[in-house]
Amino acid sequence: MDLNSASSVVLQVLTQATSQDTTVLKPAEEQLKQWETQPGFYSVLLNIFTNHTLDINVRWLAVLYFKNGIDRYWRRVAPHALSEEEKSTLRAGLITNFNEPVNQIATQIAVLIAKVARLDCPRQWPELIPTLIESVKVQDDLRQHRALLTFYHVTKTLASKRLAADRKLFYDLASGIYNFACSLWNHHTDTFLQQVSSGNEAAVVLSSLERTLLSLKVLRKLTVNGFVEPHKNMEVMGFLHGIFDRLKQFLECSRNIGTDNVCRDRLEKTIILFTKVLLDFLDQHPFSFTPLIQRSLEFSVSYVFTEVGEGVTFERFIVQCMNLIKMIVKNYAYKPSKNFEDSSPETLEAHKIKMAFFTYPTLTEICRRLVSHYFLLTEEELTMWEEDPEGFTVEETGGDSWKYSLRPCTEVLFMDIFHEYNQTLTPVLLEMMQTLQGPTNVEDMNALLIKDAVYNAVGLAAYELFDSVDFDQWFKNQLLPELQVIHNRYKPLRRRVIWLIGQWISVKFKSDLRPMLYEAICNLLQDQDLVVRIETATTLKLTVDDFEFRTDQFLPYLETMFTLLFQLLQQVTECDTKMHVLHVLSCVIERVNMQIRPYVGCLVQYLPLLWKQSEEHNMLRCAILTTLIHLVQGLGADSKNLYPFLLPVIQLSTDVSQPPHVYLLEDGLELWLVTLENSPCITPELLRIFQNMSPLLELSSENLRTCFKIINGYIFLSSTEFLQTYAVGLCQSFCELLKDITTEGQVQVLKVVENALKVNPVLGPQMFQPILPCVFRGIIEGEMDQLLGNMIEMWVDRMDNITQPERRKLSALALLSLLPSDNSVIQDKFCGIINISVEGLHDVMTEDPETGTYKDCMLMSHLEEPKVTEDEEPPTEQDKRKKTLALKDPVHTVSLQQFIYEKLKAQQELLGEQGFQSLMETVDTEIVTQLQEFLQGF
């Protein structure tokens, strides 16, 4: 592509590609796509986006096409790769001038230079780093900033490479430029601090702060990723030790920065970046961090837990300091082995520093401040509680911003420190509990909030306090009465107490107290405050989920609770809250199973409306599907009444041509399966849904196992109609599947075929005949006698691989069915058949102690009804169908003992006494003796 003639043409097409008119835009995009592989195209793009007189949108588009081209065509081995000559010209052109006036385009240019550097630096582009170093020294503000921006993106990209050779190159680079990077950062930092103290204009201060931030970003990557043993490098450790003084200077700057929000935002970002350097370094080089442990803890604790931080700290900074303390406390590198002598000297050194710092007074102060200061509900939170109770609940239980906010961070820090130093801190927390005995004055809001905070701590530390708190007594004497205080100002405590009980349920809560708790839950689900009701629902879920849950204790309260939960579900409006309440309802239904039947009418009527309303909320629909799964299991055969709603839901959820299936498929398949398992009979609509199965089998996804279960469910439910309608298509799907699925998958296919043969001996063999060549390919070639002999021999040899007693008996029956026979091949294998038969007898025969005779323990009577204990699930309709089928199964209807006797007698009659005796002599005498013992009485 000739640059001079092409530039104007490319410029024109790029201009058209920025058009809003699709009739102009589409052809332009097609033309640009065709040019992507033309030599010289990227040189033209470079000329266009570096021409500052052109339209910004056109230049922006040129940069993007160039950047995308690097990913596709820069590597030597790529199809249509750029020539080395053009790449050389482009590299030189990219770093000629760092003078891009538009911030967004400058960032894109820096990113694309970094992309090239990732592939070519330093071998093909040795001049890049020296050019950047020289460019960041210039006095021109714009050039200096753009060079720094590029320097940062290049450093960031090179630091991310993971191959050993690339790491070595980055170590060499870091060693070579670290001193310069430190000097650069110190220079910009000092300039910024001087400008702030001199009261310079905000724009000048901001410009200087930008350079400080960028140079610190470079240093972060070099420090964390640029050295194998950074503690041995004096410059690195000098920089890290200097961070704490710099942090103090920058925090003090916040007093003098004025009201400029942009400048304050950038200052806070720089302060946070300091903390990220420390956190990253601690994460990547814990032992190199050891000399910084003392200073890090002193700094963080003073700013977060003393008056030093007042007026200068901000929430994100406090979070970072807490994370630093937490990482030091929890770091496994700093924890000695139980046997101290087995610990490394580095670990012992770090542990010693930690122990020296975390003295009793320090730990006590941290614990008290966390609880009495950071755990307190804020004015902002209380206002949100009043104005948006559901929003408050979502925030408290883990909303989008939860992990970045102060409250969860303080709670996690409290739990980690309490776990690490529980012997020291348990008496402190117990003392705080003691001071709060009895009711609290509802007029004293501060006292209520303090009690809320302490109860929060007791809940978070539940496992650590197991041996120190008599929770049962505390529940009866203190907590239960507090739940009965109905004053509006007491609602934070009602909510906290029911939460606290939920935390202790699985730790230490006497089973006999459950009815008292259920009574309290019933009352709180009628509370005037929505937040209290939602929290109560959460504790109810924890209670019924607990392994000590007893249905008999719960049933007297079931109707009331279910009705109140349903009312709560109707009242809440937020998607997250509805999901939460649905999960509670699902959990209750799952635990009480069939006992739920009298109470679900209202929910059954409401779910179709909720499904319709949740069309745009796939996660809520997943919660509805989960609820329906438990509902169907609870209703059993009565779930047929739900089909007008249930079957369209299954249809949509499992239709891979519908976009929602991405979210709904797994739960939809589970619902489909339990619907089949509990269906009393087939319906045309239920049969029609199977049209969704063929595309699902083509997916060959992790849901394949559930798909096979669904297919089996149809075979057990209505084999004739099902096989007549779908067997041909199913055979085609199975033949395709067998080509590329695992051995386990092939076994699943064969189990489906086996079930079809069992359930429908007439249609099954006809319908699934096409599969047999796929299964037995390579086995069914050769002479029939040879094939029969090989098959029997393999069968006998592999008998030990069959572990299920039922299948071992079936194998013995199958081999015996070859008798009587005068076929020489079968007679040659007679010994093996008898061996397998005797093994089968050992598996299934039990001795009757009264008569001393043996009987087949696998024989089943139609009169036998399996006993279901209280803990077991009642049998589904499919369980009943399987039982009926089992009663027809030869394994359960044919006595192996009698079958052997009859077959041997028939063989004897066929061959005569002498011929039969000759045949028996091929069998081991010990086996013959065992056989005679089992056949006594015949």
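Here the structure is a predicted model, which means the values were calculated and not measured. (Residues numbered from 1 in each chain as written. Predicted model: local features only at pLDDT ≥ 70, side-chain atom pairs only at ≥ 80, totals over all residues. Heavy atoms only, no water.)

### Topic: the overall build of the protein chain
Point 1. When helices and strands are counted, the protein chain shows 45 helices and two strands.
Point 2. A principal-axis box enclosing the C-alpha atoms of the protein chain has dimensions of 120 × 85 × 70 Å.
Point 3. Looking at the protein chain as a whole, 51% of its 938 residues qualify as buried.
Point 4. Carbon and sulfur atoms make up 51% of the accessible area of the protein chain, which amounts to about 44,800 Å² in all.
Point 5. Each charge class in the protein chain can be summarised by its mean position, and for the 84 positive and 121 negative side chains these summaries are 6 Å apart. (Helix = DSSP H or I, 4+ residues; strand = E, 2+ residues; numbered from the N terminus. Buried < 20%, exposed > 50% of the residue type's maximum accessible area, 1.4 Å probe, protein only. Areas by Shrake-Rupley, 256 points an atom, 1.4 Å probe, with all protein chains shown as cover. Lys, Arg positive; Asp, Glu negative; His and termini not counted. Charge placed at Lys NZ, Arg CZ, Asp CG, Glu CD.)

### Examining the packing of aromatic side chains
Point 1. This model, assessed by the stated rule, comprises 39 aromatic pairs.
Point 2. Here Y42 and Y73 contribute two aromatic rings whose centre-to-centre distance is 6.5 Å and whose plane-to-plane angle is 45°, an arrangement assigned as tilted. Taken together, the residues span a long stretch of sequence, with Y42 in helix α3 (residues 41-49) and Y73 in helix α4 (residues 56-73) at a distance of 31 residues. Assigned by exposure class, Y42 and Y73 land together as buried.
Point 3. One aromatic cluster is present, formed by W35, F41, Y42, F49, F66 and Y73 through successive ring pairs.
Point 4. The lysine or arginine in question, K217, covers the ring of Y152, its NZ or CZ lying 5.1 Å from the ring centre.
Point 5. Directly above the aromatic system of W611 lies the positively charged group of R621, at a separation of 4.1 Å from the ring centroid. (Phe/Tyr/Trp six-rings, centres within 6.5 Å; stacked < 30°, edge-to-face > 60°. Lys NZ or Arg CZ within 6 Å of the ring centre and 35° of its normal.)

### Topic: the nonpolar core
A general tendency of soluble globular proteins is for nonpolar side chains to be buried together.
Point 1. The biggest cluster of nonpolar side chains holds 284 residues, and the ones touching the most others in it are F414, I501, W672, I711, Y714 and F734.
Point 2. Looking at this core element by element, the count peaks at 18 residues for helix α34 (residues 704-740).
Point 3. Not counting residues up to four positions away in its chain, the partners in contact with F414 are C367, L370, V371, F375, L429, A457, L460 and A461.
Point 4. V844, M858, L904 and M920 belong to the second largest nonpolar core, which has 31 residues in total. (Core = buried A, V, L, I, M, F, W, Y, C linked by side-chain atoms within 4.5 Å. Contact = heavy atoms within 4.5 Å.)

### With respect to the environment of L717
Point 1. Looking at the secondary structure, you find L717 in helix α34.
Point 2. Every residue in contact with L717, bar those within four places of it in the chain, is listed here: L676, S679, P680, C681, I682, L686 and R881.

### Here we look at the packing of helix α23 (residues 491-504) against helix α24 (residues 514-524)
Point 1. The interhelical angle for the contact between α23 and α24, taken along N-to-C directions, is 145°, at an axis separation of 12 Å. Considering only the axes of α23 and α24, their crossing is left-handed. Across from R494, I498 and I501 in α23, the residues of α24 making contact are L517, I521 and L524.
Point 2. A per-class count over the contact of α23 with α24 returns five nonpolar, no polar and one charged. (Axes fitted to C-alpha atoms, helices over the stretch in contact; angles between N-to-C directions. Left-handed = near helix turned anticlockwise from the far one by under 90°. Nonpolar A, V, L, I, M, F, W, Y, C, P; charged D, E, K, R; others polar.)

### Describing the side chain of R146
Point 1. Position of R146 among the secondary structure elements: in helix α8 (residues 141-159).
Point 2. At 2.6 Å, the side chain of R146 forms a polar contact with the backbone oxygen of E100.
Point 3. Contact partners of R146, with chain neighbours within four places excluded, come to F98, E100, P101, V102, N103 and A106. (Polar contact = N/O pair within 3.5 Å; in protein donor to acceptor, adjacent residues only side chain to side chain.)

### What to know about a nonpolar patch on the surface
Point 1. Side chains of M619, V662 and Y663 sit close together on the surface and give an oily, nonpolar patch of about 340 Å² of accessible area.
Point 2. Within the fold, V662 resides in helix α31 (residues 661-677). (Patch = residues over 30% accessible without salt bridge, like charges linked within 9 Å, V, L, I, M, F, W, Y side chains within 5 Å. Salt bridge = Lys/Arg side-chain N within 4 Å of Asp/Glu carboxyl O.)

### Observations concerning helix α18 (residues 389-396)
Residues three or four positions apart in an α-helix share a direction because the helix packs 3.6 residues into each turn.
Point 1. Burial in α18 covers these residues: E390, G391, F392, T393 and V394.
Point 2. In this structure, the buried residues of α18 make contact with α17 (379-387), α23, α25 (530-545) and α27 (575-592).

### Re the state of the cysteines
Point 1. Within the structure shown, the criterion is met by zero disulfides.
Point 2. Looking at the unpaired C263, the closest cysteine sulfur is the one in C253, lying at 9.3 Å.
Point 3. Cysteine C575 is unpaired, with the sulfur of C622 as its nearest cysteine sulfur at 10 Å. (Disulfide = S-S within 2.5 Å.)

### Re a negative patch on the surface
Point 1. Taken together, the side chains of E387, D388, E574 and D576 make up a negatively charged region of the molecular surface.
Point 2. The topology assignment puts E387 in helix α17.

### What about the packing of α25 against α27?
Point 1. Look at α25 against α27: their axes get within 9 Å of each other, and the N-to-C directions meet at 30°. In terms of orientation, α25 lies roughly parallel with respect to α27. The element α25 and its partner α27 pack so that their crossing is left-handed. On α27, the residues that touch I534, A537, T538, L540, K541, V544 and D545 of α25 are T577, H580, H583, V584, C587, V588 and R591. (Parallel < 35°, antiparallel > 145°, perpendicular 65-115°, else oblique.)

### A closer look at the pattern of salt bridges
Point 1. Applying the stated criterion to the full structure yields 41 salt bridges.
Point 2. For R72, the salt bridge goes to E36, with nearest N and O atoms at 2.9 Å. Highlighted residues: R72 in helix α4 and E36 in the loop between α2 (22-35) and α3, separated in sequence by 36 residues.
Point 3. Across the pair E754 and R807 runs a salt bridge whose closest N-O atoms are separated by 3.0 Å. Taken together, the positions of E754 in helix α35 (residues 743-759) and R807 in helix α39 (residues 805-816) put the pair 53 residues apart, joining distant regions of the chain.
Point 4. Several salt bridges share partner residues, and in doing so they unite E754, K758, R807 and D889 into one network.

### Considerations on the environment of N47
Point 1. Checked against the element boundaries, N47 lands in helix α3.
Point 2. Sequence separation between N47 and L669 is 622 residues; the distance between their C-alpha atoms is 57 Å.

### Quick notes on unusual backbone geometry
Point 1. Here the amide bond leading from C121 into P122 is cis, since omega sits at 5°, within 30 degrees of zero.
Point 2. Along the chain, P122 turns up in the loop between α6 (103-120) and α7 (128-135).
Point 3. In this chain, L819 is followed by P820 through a cis amide linkage whose omega measures -5°.
Point 4. Position of P820 relative to the elements: it lies in the loop between α39 and α40 (824-828).

### A short note on α23
Point 1. With 14 residues, α23 should reach 20 Å at 1.5 Å per residue; the first-to-last C-alpha distance of 20 Å fits that figure.
Point 2. In terms of residue burial, α23 counts as a mostly covered element, since 13 of its 14 residues are buried. (Expected span 1.5 Å × (residues − 1).)

### Looking at the environment of H187
Point 1. Among the structural elements, H187 can be located in helix α9 (residues 164-198).
Point 2. Residue class for H187 comes out partly exposed when judged on its relative accessible area of 46%.
Point 3. Along the sequence, H187 and S215 sit 28 residues apart, while their C-alpha atoms lie 9.7 Å from each other.

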